[in-house]
Amino acid sequence: MTLNHNEYLNYTLPNNWCAEEDIDNLLLYNPSGNGAITTSFFNVLKTKESLDEQMSILAKRFIDQNNINLHSPLILFNRDGKAILYGTGTTSDGWFIKLWVVAKYPKIVFATYQSERKSAEVKVCDSIIDSFQFAF
């Protein structure tokens, strides 16, 4: 099922997934699943930093503030007219976390998925994030 958030972000959810949203946040989850994708939305700042740099700063700030131990360096790539930065790690209480920063000027979408342990559900989350399309 294809949905839209705030008239600028289209995304596709598997049939058994749910979306709960307000203006600032979007929660995506499978009621029978292991975790949930929590998504926040930002506008690109008019600074000297490039979009890629702003994405990296946002991700690093989140990682540092939440004491996340990354499994490997974050990966940045561009595809389908959007930039995607992602990585996986472990929270301070031992939970698995994956984060994505998806951007197209002038919007940045920051998403995290947390679960007690890594499972096949992460691949479904990747496909949901990959489906993000900016409608501008």
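Below or above, wherever it landed, is the structure these notes cover.

Thresholds, definitions, all that
Residues numbered from 1 in each chain as written. Predicted model: local features only at pLDDT ≥ 70, side-chain atom pairs only at ≥ 80, totals over all residues. Heavy atoms only, no water. Salt bridge = Lys/Arg side-chain N within 4 Å of Asp/Glu carboxyl O. Helix = DSSP H or I, 4+ residues; strand = E, 2+ residues; numbered from the N terminus. Buried < 20%, exposed > 50% of the residue type's maximum accessible area, 1.4 Å probe, protein only. Contact = heavy atoms within 4.5 Å.

**Regarding the pattern of salt bridges**
What the rule picks out here adds up to 4 salt bridges. Of the charged contacts, one joins K60 and D64 as a salt bridge, the two residues approaching to 2.8 Å between their closest N and O atoms. Pair noted here: K60 and D64 are both in helix α1 (residues 51-65), with a separation of 4 residues, about one helical turn. The exposure class assigned to D64 is partly exposed, which follows from its relative accessible area of 44%. A salt bridge links D130 to R79; the shortest N-O distance between them is 2.2 Å.

**Focus on the environment of F110**
With respect to the helices and strands, F110 occurs in strand β10 (residues 107-115). Overall, the relative accessible area of 7% leaves F110 in the buried class. Measuring from C-alpha to C-alpha, the distance between F110 and R79 comes to 17 Å, with 31 residues separating the pair along the chain. Discounting residues that sit within four places of it in the chain, F110 has contacts with T38, T39, S40, F42, L58, A59, F62, L99, W100 and V101.

As far as function goes, none of this settles anything; it's purely spatial.
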